[in-house]
Amino acid sequence: MKTVYDFVNIDVSANKDYINTLKTKGAAAVRCEAFLSRDNEEVKGKLMAFAENVKSVKLDWNLKFDISKLLMGVLQETGPDQRMFVRKSERSLFEETHKIIESLAGVVAPQYVELNTEAFEVMESIKFSFEEQTRMMNAVINGVKSVAPQCKIVLATSKATDNEMAKKWYNRFQVSGGKPFDIISIKYGMDAAELYDLSCNMGDLSRRFEAEIIVDASGVDGQTDITFDDLKSAVSMVSLDRGLGIVYSEVAFGVVEKVA
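Residues numbered from 1 in each chain as written. Predicted model: local features only at pLDDT ≥ 70, side-chain atom pairs only at ≥ 80, totals over all residues. Heavy atoms only, no water.

### Observations concerning helix α3 (residues 68-78)
An α-helix turns once every 3.6 residues. As a result, residues three or four positions apart point the same way.
For step 1, the next point in the chain: Among the residues of α3, Leu70, Leu71, Val74, Leu75 and Thr78 are the ones counted as buried. Burial along α3 is one-sided: seen end-on, the buried residues are contained in an arc of 140°. When the buried face of α3 is taken as reference, the exposed residues oriented beyond 90 degrees from it are Lys69 and Gln76.
For step 2, the next point in the chain: On its buried face, α3 sits against α4 (82-105) and α5 (130-145).
For step 3, the next point in the chain: Just downstream of α3, Gly79 is the residue with a positive phi angle, here 70°. (Buried < 20%, exposed > 50% of the residue type's maximum accessible area, 1.4 Å probe, protein only. Helix = DSSP H or I, 4+ residues; strand = E, 2+ residues; numbered from the N terminus. Arc of directions from axis to C-beta. Contact = heavy atoms within 4.5 Å.)

### Let's talk about the layout of surface pockets
For step 1, the next point in the chain: Taken as a whole, the largest pocket encloses approximately 330 Å³ of empty space.
For step 2, the next point in the chain: Taken together, 16 residues form the lining of the largest pocket, with Thr117, Glu121, Phe130, Gln133 and Trp169 sitting closest to its centre.
For step 3, the next point in the chain: Of all the secondary structure elements, the ones that give two or more residues to the lining of the largest pocket are α5 and α6 (163-175).
For step 4, the next point in the chain: Considering every element that reaches the lining of the largest pocket, the biggest residue donor is α6, with 4 residues.
For step 5, the next point in the chain: Each pocket or cavity is described by its volume, and for the second largest pocket that value is around 230 Å³.
For step 6, the next point in the chain: Looking at the second largest pocket, it is lined by 15 residues, and the ones nearest its centre are Lys64, Asn116, Ser158, Lys187 and Asp216.
For step 7, the next point in the chain: Broken down by secondary-structure element, the contributors of at least two residues to the lining of the second largest pocket are β2 (29-35), β4 (112-116), β5 (152-157) and β6 (183-187).
For step 8, the next point in the chain: Partitioning the lining of the second largest pocket into residue classes produces 1 nonpolar, 7 polar and 7 charged. (1 Å grid on protein atoms, 1.4 Å probe; cavity = no way out; pocket = protein on both sides within 12 Å on 5 of 7 lines; lining within 4 Å. Points joined across faces, edges and corners; volume = space filled by probe spheres on them. Nonpolar A, V, L, I, M, F, W, Y, C, P; charged D, E, K, R; others polar.)

What follows is the structure, given as structure tokens:
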């Protein structure tokens, strides 16, 4: 059976001893989330400290960018002027991503940078064409690759079982000039009734887009319909050994207890 790596979703404030505990328990990598904004000094400081801790433990890490805060900041400045909004967002997304990754490269750049493909759905006051969404996603990818070309790009979707919706998005992204990506992350709630459809979706997306697959089960803390061993077996069977790993919550990974 192919090795399926364990990623653990943790807070950016996690200290070195805690990260080392995760490594001791078998974690291959950790993931933390950061909000991009137009004033990233505080975030950058926290990420630098996190990178130092990860480097000392010799563990890989995945930086998940949430771009919603930056987009809302630009919207407050431009108002509903769509053309101006997209232009300013593109520039800000590239510049702020570049600054953060450049700072981190002085310590250890993340091995993975993750973006949510549904980030624009929260922008109810302004609507974008898919081509405009692609341009803004490209700005983040370019910001990463301009500093850390070896970093793998992860594009995440919540469409765990809706293969038609998922493949439509990734296909449109490529057709609209989307930059190359390496990994597709699929959010999954550990529902036994959906495991077959998830398996089909993983196989189809990996073949169609020549991408590795991560299953993000970090939203699951309690009792589940299936075991993580069941899920790991399904991921290991993704064709061409493209089943990369599973993202756990800290509770599911067994390092913290669930708060009632």
